[in-house]
Amino acid sequence: MTLPTYPLATATWDDAEYNAIQRVVESGMFTMGAHVQEFEKQFAAYTGSRYCVMVNSGSSANLLMVAALRFRKENSLQAGDEIIVPAVSWSTTYHPLQQYGLKLKFVDVDRDTLNYDIAALSAAVTDKTRAIMVVNLLGNPNDFAAIERIINGRNILVLEDNCESMGACFNGRQAGTFGVMGSYSAFFSHHISTMEGGMVVTDDEELYHIMLSVRAHGWTRNLPRHNQLTGTKSDDPFVESFKFVLPGYNLRPLEMSGAIGIEQIRKLPGMVVERRRNAKKFVELLADYPCLRVQKEIGESSWFGFSIIVEPDAPFTRADLVRIFTEHKIDVRPIVAGNFAKNEVLRWFDYEIHGSLKNAEEIDTSGLFIGNHHYQLDQAFSLLRQALDAAMGVTANT
């Protein structure tokens, strides 16, 4: 199969990652161990967080966050509690919430930033609201100052799905650290790749201890001797071997993923810099095509990808653009899952829709995104301009 000329995602590895894998192979220790612990330590330091828990995917990271809030001693989330969610995100932003019986309230996104429509979010918050799931879409952090003003003085928890926005910042602070917990993904197409992998960061020690247990079967084995879940563990490792205290899963990462992560985290700051350089050129390029709208940056985006929304007055449709991009070998996808509230899976959900989702619907019907990378994209952008010029000629040639 011929690879696309402008791919959606490319490898971020070199010899360092392959050598890290080989060291794990030679050690004979493949499941979660010292390399995972070291990566957790380094990732927590990178984000400015006290704790990090690595898991096998960003989706599992979201599941772990929700579970931790269910099992905390005070102010826990219970079935039937209302949580606000944005109408545009990935499926596993929502699925763990459904699986723990929460009631989802879908709120529209801003047509420019693709994150929460702040006015709609403010209007959606009521005395029934227990939590807000904040999704930083395509590398773009939300306006956390505005969100803080909305929830100020209210007993409302904030969670962050930051799986697409590793390395993004708002007011000098890393996205993913504004809520009680934040999730990240290290899937192949994301900012760093550990094969499969995800992380949760938090400053809350109790939530950290709960996640250590829930990640691995709900047992006590991975808890520190003195912990906020069980108090003080037995000094006899046999007693603690198969002691289960919470309904858990097996979300553990591979030791290889931890070893790869150690190498990737060293490269992450430089890769984010390159993505931001590419974004500046992309925005300048698209300014020549006013019938196309690009994502408006909040704070400092880490530019996961480049969104393009076809305006109503464009001389072509999104279908035309997808076809032309494909002909030019430019990889293209919908903007995440579009308006998620349209999906058939919602028949399994307890949910409501706040007001109109008109912006989410526009993104769903008129939006797409293409890739960004950790290296300069001058050749790819030349190809992109050719494709856009061809799209602009659709009407003239018909």
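Just above, that's the structure.
Anyway, here's the lowdown on the structure attached to this text. None of these values were measured; they are calculated from a predicted model.

Thoughts on the layout of surface pockets
Phase 1 of the analysis: For the largest pocket, the calculated volume is near 560 Å³.
Phase 2 of the analysis: If you trace the largest pocket, you find 29 residues lining it, with Trp-90, Glu-164, Phe-187, Ser-189 and His-190 closest to the centre.
Phase 3 of the analysis: Elements with a minimum of two residues in the lining of the largest pocket: helix 3 (58-71) and helix 4 (91-99).
Phase 4 of the analysis: Among the elements that take part in the lining of the largest pocket, helix 3 stands out by supplying three residues, more than any other.

A short note on helix 11 (residues 358-366)
Phase 1 of the analysis: What helix 11 keeps buried is the set Asn-359, Ala-360, Glu-362, Ile-363, Asp-364 and Ser-366.
Phase 2 of the analysis: Buried positions along helix 11 lie against strand 12 (292-293), strand 13 (305-310), helix 10 (318-327) and strand 15 (367-371).

Some words on the packing of helix 2 (residues 34-47) against helix 9 (residues 255-286)
For any two helices packed against each other, one specifies the crossing angle of their axes together with the interaxial distance.
Phase 1 of the analysis: Interhelical geometry of helix 2 versus helix 9 gives an angle of 30° and a closest axis separation of 7 Å. With respect to helix 9, the axis of helix 2 lies roughly parallel. For helix 2 against helix 9, the interelement crossing comes out left-handed. Listed contacts from helix 9 to Ala-34, His-35, Val-36, Glu-38, Phe-39, Gln-42, Phe-43 and Tyr-46 of helix 2 are Glu-255, Gly-258, Ala-259, Gly-261, Ile-262, Ile-265, Leu-268 and Pro-269.
Phase 2 of the analysis: Its residues assigned to classes, the contact of helix 2 with helix 9 shows 10 nonpolar, four polar and two charged.

Digging into the nonpolar core
Phase 1 of the analysis: Within the largest apolar cluster, 56 residues are counted, with the highest numbers of intra-cluster contacts made by Phe-106, Met-181 and Ile-335.
Phase 2 of the analysis: It is helix 3 that provides the largest number of residues to this core, a total of nine residues.
Phase 3 of the analysis: Tyr-6, Val-310, Ile-330 and Ala-391 belong to the second-largest nonpolar core, a separate cluster that totals 29 residues.

Let's talk about the side chain of Ser-193
Phase 1 of the analysis: Relative to the helices and strands, Ser-193 resides in the loop between strand 8 (181-185) and strand 9 (198-202).
Phase 2 of the analysis: Not counting chain neighbours up to four residues away, the residues in contact with Ser-193 comprise Thr-12, Trp-13, Ala-186, Phe-187, Phe-188, Ile-260 and Gln-264.

Describing empty space enclosed by the protein
Phase 1 of the analysis: Counting across every chain of the model gives one cavity of 30 Å³ or more.
Phase 2 of the analysis: By volume, the largest cavity amounts to about 50 Å³.
Phase 3 of the analysis: Along the walls of the largest cavity sit Leu-8, Ala-9, Thr-10, Thr-12, Phe-188, Ser-189, His-190, Arg-275, Asn-372, His-373 and His-374, which together make up its complete lining.
Phase 4 of the analysis: Looking at the lining of the largest cavity residue by residue, the class counts come to three nonpolar, seven polar and one charged.

Each value, and the rule that gives it
- Throughout, a residue's number is its position along its own chain's written sequence, starting from 1.
- For a predicted model such as this one, the threshold for reporting local features is a pLDDT of at least 70, and the threshold for listing and counting side-chain atom pairs is 80 or more; totals across whole chains, interfaces and linings nevertheless cover every residue.
- Water and hydrogen atoms play no part in the side-chain values, which are based on all heavy atoms of the structure.
- Residues are called lining when one of their atoms sits within 4 Å of a cavity or pocket point, these points coming from a 1 Å grid over the protein atoms alone, where a cavity is a set in which a 1.4 Å probe fits but cannot get out and a pocket is an open set with protein on both sides within 12 Å along at least five of seven lines.
- Grid points are joined across faces, edges and corners, and a volume is the space filled by probe spheres set on the points.
- Under the scheme used here, helices are H or I runs from DSSP no shorter than 4 residues and strands are E runs no shorter than 2 residues, and both carry numbers assigned from the N terminus.
- Only protein chains enter the calculation, and the probe is 1.4 Å; a residue is then buried if its accessible area is under 20% of its type maximum, exposed if over 50%, and partly exposed in between.
- Any two residues whose heavy atoms approach within 4.5 Å are treated as being in contact.
- Axis angles are defined between N-to-C directions and span 0 to 180 degrees, where every axis is a line fitted to C-alpha atoms and, for a helix, only to the segment in contact.
- Any angle between 65 and 115 degrees counts as roughly perpendicular, while under 35 counts as roughly parallel, over 145 as roughly antiparallel, and the rest as oblique.
- What makes a crossing left-handed is the near helix being turned counterclockwise from the far one by less than a right angle; a clockwise turn instead makes it right-handed.
- The classification used treats Ala, Val, Leu, Ile, Met, Phe, Trp, Tyr, Cys and Pro as nonpolar, Asp, Glu, Lys and Arg as charged, and all other residues, Gly among them, as polar.
- Nine residue types can take part in a nonpolar core, namely buried Ala, Val, Leu, Ile, Met, Phe, Trp, Tyr and Cys, and a core is a set of them joined through side-chain atoms within 4.5 Å.

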